[in-house]
Amino acid sequence: MKIDLLIKNVNVYNTVKQLFEKKNVTVSDGKFYYISSKDLTYLNAAQEIDGQGRCMVPGLLDIHMHIESSMTTPTIFSKAVLPHGVTTVVADAHEMANVFGIDGLTEFMAAETEIDIFHAIPSSVPSTTPELETTGGIIGLEEVAELLEDPRIICLGEAMNFKGIASEPDSLIRQIIDLCKEKRPTMPLEGHCPKIYEEELAAFLYSGISSDHTHQFPESLAEKIENGMFIQFQNKSITPENMAVIVENNYYDYACLITDDVMADDLLEGHLNENLKKAVAAGVPIEQAIYMTTYTPARRMSLNDRGMIAPGRVADFLLLDDLASFSIEEVYKSGKLVHKKGDAVAYPEKVEQFPASYSQSVQCKLLTAEDLKIPVQTELKKVRCNVIQKQEIGTFTERITKEIAVKDGFLDWENSDCALLLVMERYGKNGNIAYALMEQPIIKQGSIGTTWAHDHHNVMVMGNNSEDILTAQHELLSMQGGYVVTEHGSIKATCPLPIGGILSQAPIEELGTDLKQVRRAMQDLGYKNMNEIMSFSTLSLPVSPAIKMTDKGMMDTKTQEFYPLVFPEDGVIV
């Protein structure tokens, strides 16, 4: 046996015991070979490393995440996350698929990366149905059947359409689930589960979906886990209250930590390693937090060749210079050193070559001032309107009602305490423009616009005056997508995302700096949320509670019924 590497004198994480033991570790052909407390120098390794008593843990696995949420491409993403100890991900590229269909997904999957990227079948393209939102691509049964033949596909990505899953046996999502069960009966089926309990939860699970990664609450965690649901904790769900449920009931085997979405600016600071540290701060012993970022995610996805330091497993590992703070000194991929603390990220000279059309994909009209005048046929001086109220924590929204004045036959939204929110179809299919009102999301005169609008990625602009809305929309079209913030008619910050309106090939440092400036400009306008970017982008996500926007209108995301902007008994938009 040819031994390539011997790491002596290390405290090795024992997955079975969930503790550290003093060991010597050998690697052969990219895999762990013999791990023992004995002197292994007799194996004549080509390279020896003195671990100096440092802790060795397996490479981190993130089994539910969207590379597009970092607004970058797989090649650049791979380089950016390695310093944070992430060596394997399962990517659900449903953003790319919503914009470009299966062709976009195929382009994404073709990227060459240092980390191992496995893929999920995007199950919700669109997230609801074409009748409820317009997307650039659709993943139907034919596309799913094709993807099921690809060995890089290891799960069905998050199924979101609760109504279709739980109560419509002939819906497309149910047909997709049934096809997966027929062709790959042991493949994990991932879910995006709303706030449901009891029989509704049973109906969701009965479909075959057996995981959830959405916002978790302590009062429902035990019910979900005890009914067979595997829980994937993203950042906002890693709370002391939720972690207490896991710790007190010893539920470690039934949960893992994931990222789901990490913005480009946040990626500068960390990735899954930050969620691990947050779980520890929230009460999870660090040994179990490591277990939930290595072994349980690997087992969930049947990635049985990794996730622990044991013979025959892929030699992905981290050397920590401090366990308590999970400070990563070195990262190894397949037994080779790929990053050392303090080293700059070395981006490759060659990046993905996407078709030229991918950089000219935002096709919709330039807004005019006339487009922002909303005519109302009414005899009343004020009309009752359905209004979106956002929360400052998470991405939930609520429907409220407000009276808005009518002036000269038009809704006088500019002189109200509401902002105008509009979504424009951008694929050149129908030219839809939908309007809604938001309760005072910003306090200064300004606007926010983006094409990074989950999941349909149409053009979405919100502002409290016409001038700023027009400025933002025109800039978005000029730069072929991204994020833009304006104030008093001037552009304050931009983050160009020219590939499909959702991705950039700039280095993460440059992209992250642009996004930080956008975030700061949003804060300066008065937009408040724990994650301003995600909060705004999910105003267009019609599977996220409780009222969201598509190019078809303002929608109740549970009943999938559209609300009129003006109450019909008060007036009619003409």
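For the structure, see preceding data.
A. Representation of the pattern of salt bridges in the model. Using the criterion set out here, one finds 28 salt bridges in the structure. With a shortest N-O distance of 2.9 Å, Asp305 and Arg306 are connected by a salt bridge. Overall, Arg306 belongs to the buried group, its relative accessible area being 7%. Between Asp371 and Lys365 there is a salt bridge, with the nearest N and O atoms lying 3.0 Å from each other. Because the salt bridges share partners, they merge into one network encompassing Asp116, Asp305, Arg306, Asp316 and Lys333.

B. Highlighting the side chain of Gln480. As for its placement among the helices and strands, Gln480 is situated in the loop between α12 (466-478) and β25 (482-487). Judged by its relative accessible area of 9%, Gln480 is buried.

C. Molecular detail of helix α7 (residues 218-226). Inspection of α7 places Ser220, Leu221, Lys224 and Ile225 among the buried residues, and these make up the whole buried set. The arc that holds every buried residue of α7, seen down its axis, measures 130 degrees, which confines them to one face. In α7, the exposed positions angled more than 90 degrees off the buried face are occupied by Glu219 and Glu226. In this structure, the buried side of α7 is in contact with α6 (198-206), β11 (211-212), β12 (230-233) and α8 (240-249). One or two steps after α7, the chain reaches Gly228, where phi turns positive at roughly 95 degrees.

D. Representation of the packing of aromatic side chains in the model. Summed over the entire model, instances satisfying the criterion amount to ten aromatic pairs. Plain terms: the ring middles of Tyr251 and Tyr254 are 6.4 Å apart, the flat faces sit at 80 degrees to each other, and that makes the pair edge-to-face. A ring pair is formed by Phe317 and Tyr332, whose centres lie 4.4 Å apart and whose planes are at 10 degrees; its orientation type is stacked. One end of the pair, Phe317, is in strand β14 (residues 317-322); the other, Tyr332, is in strand β15 (residues 327-333), and 15 residues separate them in sequence.

E. Region of the structure containing unusual backbone geometry. Each neighbour pair has its own omega, and for Val125 with Pro126 the value is 5 degrees, a cis peptide bond. Omega for the peptide link from His454 to Asp455 comes to -20 degrees, which places this bond in the cis form. Within the secondary structure layout, Asp455 lies in the loop between β23 (446-450) and β24 (459-463). In this structure, Asn9 is a non-glycine residue whose phi angle is positive, near 60 degrees. One can find Asn9 in strand β1 (residues 5-14). A positive phi angle, close to 55 degrees, is found at Gln52, a residue other than glycine. Looking at the secondary structure, you find Gln52 in the loop between β4 (47-50) and β5 (55-58). Judged by relative accessible area, Gln52 falls into the exposed class, the value being 60%.

F. The sheet that holds strand β29 (residues 561-563), seen in detail. Spatially, three strands are ordered β27-β28-β29 in an open sheet, and the strand pairing comes out antiparallel. The open sheet has two edge strands with one neighbour each: β27 (547-550) and β29. Neighbour-to-neighbour, the strand axes of the sheet open up by a mean angle of 45 degrees, direction not taken into account. Bridge count for strand β28 (residues 553-556) against β29 is three bridges, and the pairing is antiparallel. Among the inter-strand pairings, Asp556 is bridged to a residue of β29, identified as Glu561.

G. Summary view of the sheet that holds strand β13 (residues 255-257). Ordered in space as β11-β12-β13, the three strands form an open sheet in which the pairing is parallel. Two strands lie at the open edges of the sheet, namely β11 and β13, each paired on one side alone.

H. Main features of the state of the cysteines. Under the counting rule described, the total for this entry stands at zero disulfides. This cysteine, Cys495, is not joined by any disulfide, and Cys364 carries the nearest cysteine sulfur, 19 Å off.

I. Seen up close, the environment of Leu189. The topology assignment puts Leu189 in strand β10 (residues 189-191). By relative accessible area, Leu189 is classed as buried at 4%. Taking C-alpha positions, Leu189 is 7.2 Å from Ser211, a pair spaced 22 residues apart along the chain. Apart from residues no more than four positions distant in its own chain, Leu189 is found in contact with Leu156, Ile177, Cys180, Lys181, Gly208, Ile209, Ser210, Ser211 and Arg300.

J. Seen up close, the pairing of strand β6 (residues 60-65). Most of β6 sits inside the fold, with six of its six residues counted as buried. For β6 and strand β7 (residues 86-91), the ladder comprises four bridges, and the chain directions are parallel. Of the residues in β7, the one forming a bridge with Met65 is Ala91.

K. Quick peek at the layout of surface pockets. Taken as a whole, the largest pocket holds about 790 Å³ of empty space. Gln234, Lys236, Asp261, Asn531 and Met534 are the residues nearest the centre of the largest pocket, which is lined by 41 residues in total. When contributions to the lining of the largest pocket are tallied by element, the ones reaching two or more residues are α2 (94-109), α10 (272-281) and α14 (532-537).

L. Inspection of the nonpolar core at higher detail. Ranked by internal contacts, the top residues of the largest apolar core, which has 152 residues, are Phe233, Phe326 and Leu437. Not counting the four nearest positions on each side in its chain, Phe233 is found in contact with Gln216, Leu221, Ile238, Asn242, Met243, Ile246, Ala255, Cys256, Leu257, Ile258 and Met292. Membership of the second largest hydrophobic core comes to 15 residues, among which are Leu5, Ile35, Met56 and Tyr332.

What counts as what
- Residues numbered from 1 in each chain as written.
- Predicted model: local features only at pLDDT ≥ 70, side-chain atom pairs only at ≥ 80, totals over all residues.
- Heavy atoms only, no water.
- Salt bridge = Lys/Arg side-chain N within 4 Å of Asp/Glu carboxyl O.
- Buried < 20%, exposed > 50% of the residue type's maximum accessible area, 1.4 Å probe, protein only.
- Helix = DSSP H or I, 4+ residues; strand = E, 2+ residues; numbered from the N terminus.
- Arc of directions from axis to C-beta.
- Contact = heavy atoms within 4.5 Å.
- Phe/Tyr/Trp six-rings, centres within 6.5 Å; stacked < 30°, edge-to-face > 60°.
- Pairing = 2+ DSSP bridges.
- Axes fitted to C-alpha atoms, helices over the stretch in contact; angles between N-to-C directions.
- Disulfide = S-S within 2.5 Å.
- 1 Å grid on protein atoms, 1.4 Å probe; cavity = no way out; pocket = protein on both sides within 12 Å on 5 of 7 lines; lining within 4 Å.
- Points joined across faces, edges and corners; volume = space filled by probe spheres on them.
- Core = buried A, V, L, I, M, F, W, Y, C linked by side-chain atoms within 4.5 Å.

Take it as geometry only, folks, not as evidence of what the structure does.
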